[in-house]
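Single-letter residue listing:
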Amino acid sequence: MHLKIDPEVRSALQGKRPVVALESTIITHGMPHPENLATARSLESQVRNGGAVPATIAVIGGEICVGLSDAELEWLASAKNVLKVSRNDLAYALVTKRIGATTVAATMIGAHLAGIKVFATGGIGGVHRGAETSFDVSADLEELARTPVAVVCAGAKAILDLPKTLEYLETRGVPVVSYGTDAFPAFWSRQSGLKSPLRLDTAAEIARMVQMKWDLGLGGGVVICNPVAQADEIPFDEMQEFIDTAISESEEFGIKGKALTPYLLARIVEITGGRSLRTNIALAQNNARLAAEIASQLS
Ligand code: PSU
Ligand code: MN
């Protein structure tokens, strides 16, 4: 089935031991080299420290690889011409044997094919600002509506239209539950000014809720929002200015479609002099730890 599951991941799944999926777009399109490689490795070790087996997912050589070796991680982190793969280009990437980095949507597909229930990332895609004219709504949201994987993230990036993102998820029946907070976090910031639709305070309760959704036959995913630690955050008000600058530049240069999110992330790293990158790394590590706990509770 063009699915290559790493032996350690396979044996953990067969033994019903906890496994956490990790995405690869964050490595190839979300962070600069060499921080991307160090982060990919550290996310794997956070998952291991939490008692789960990490499975970074990417498309290599015509196969969806679930679980990469360290050599593969290293190679991917500096590979050129990597395709950012979502649901729409997954079959294309396999047939053409392109190197594909999987987004949240495509990682959920790979995780589900392999039987992995929990996935840790940085932030999910969402409804872009101006979507009422551009129609730019991330395929991540549709995937969350249909594919049964629990996604641990730090909320959605404030480069998006956050109220519309929450409305979309509500319409499509996707629970959005924040861990230990009433606020809906905004990736680099612990708060977005919006209330989280749902709140739970323990990994055990989150696992029970996720299981309940699937036991009811409701299918689909769950968004679990884990706010970045206060010491690592960039407050929402401070972030606004950086984001507005990056967005107006993207408009000026006519950057659209799948290139938009990577462009904005990279520009914001530059504009903040690397500060947003440190926050991004810290929040991803934080999410890997919580995902390992939830996966342990689920298994
Ligand atoms: N958040 C990050 N880094 C990233 C992404 C999100 O901090 O690289 C990626 C994820 O892979 C997400 C994708 O699925 O951006 C969404 O892209 P788009 O808006 O084109 O759907
Ligand atoms: Mn888009």
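Residues numbered from 1 in each chain as written. Chains lettered and ligands numbered in written order. Predicted model: local features only at pLDDT ≥ 70, side-chain atom pairs only at ≥ 80, totals over all residues. Heavy atoms only, no water.

Chemist: Explain the overall build of the protein chain to me, please; I cannot follow it from the model alone.
Modeler: Counting secondary structure elements, the protein chain contains 13 helices and 11 strands. Over its C-alpha atoms the protein chain spans a radius of gyration of 17 Å, differing by no more than 12% from the 19 Å that the globule rule assigns to 299 residues. Principal-axis analysis of the C-alpha atoms places the extent of the protein chain at approximately 50 × 40 × 35 Å. Sequence-distant contacts, at least 24 apart, represent 73% of the contacts inside the protein chain between residues at least 6 apart. Taken as a whole, the protein chain presents about 12500 Å² of accessible surface, with 53% of it coming from carbon and sulfur. (Helix = DSSP H or I, 4+ residues; strand = E, 2+ residues; numbered from the N terminus. Rg over C-alpha atoms; globule rule 2.2 N^0.38 Å. Contact = heavy atoms within 4.5 Å. Areas by Shrake-Rupley, 256 points an atom, 1.4 Å probe, with all protein chains shown as cover.)

Chemist: What exactly am I supposed to notice about the pattern of salt bridges here?
Modeler: Where charged atoms from two side chains of opposite charge approach closely, those side chains can pair. Enumeration according to the criterion identifies 15 salt bridges in this entry. Between Asp89 and Lys258 there is a salt bridge; the shortest N-O distance is 2.7 Å. A residue pair is termed long-range when its members are at least 10 positions apart, and Asp89 in the loop between β5 (83-85) and α5 (90-95) and Lys258 in the loop between α11 (236-252) and α12 (260-271) qualify at 169 residues. As a salt-bridge pair, Arg267 and Glu249 come within 2.6 Å of each other at their nearest N and O atoms. You can see Arg267 sitting in helix α12 and its partner Glu249 sitting in helix α11, a full 18 residues away along the chain. Under the relative-accessibility criterion, Arg267 is labelled partly exposed at 21%. One salt-bridge network, held together by shared partners, links Arg41, Asp70 and Glu74. (Salt bridge = Lys/Arg side-chain N within 4 Å of Asp/Glu carboxyl O. Buried < 20%, exposed > 50% of the residue type's maximum accessible area, 1.4 Å probe, protein only.)

Chemist: Whenever I open this one, the site of ligand 1 confuses me. Can you help?
Modeler: Surveying the vicinity of ligand 1 reveals 17 residues, the closest of which are Glu23, Lys84, Ser138, Asp140 and Lys157. Between ligand 1 and Asp140, the relevant distance is 2.7 Å, taken from an oxygen atom to a side-chain nitrogen or oxygen of the residue. The side chain of Thr261 places a nitrogen or oxygen atom 2.9 Å from an oxygen atom of ligand 1. Taking 470 Å² as the accessible area of ligand 1 by itself, protein coverage stands at 94%. Looking at the shell around ligand 1, the elements with two or more residues in it are α2 (25-28) and α12. The residue inventory of the shell around ligand 1, partitioned by class, reads 4 nonpolar, 8 polar and 5 charged. (Near = heavy atom within 4 Å. Polar contact = N/O pair within 3.5 Å; in protein donor to acceptor, adjacent residues only side chain to side chain. Nonpolar A, V, L, I, M, F, W, Y, C, P; charged D, E, K, R; others polar.)

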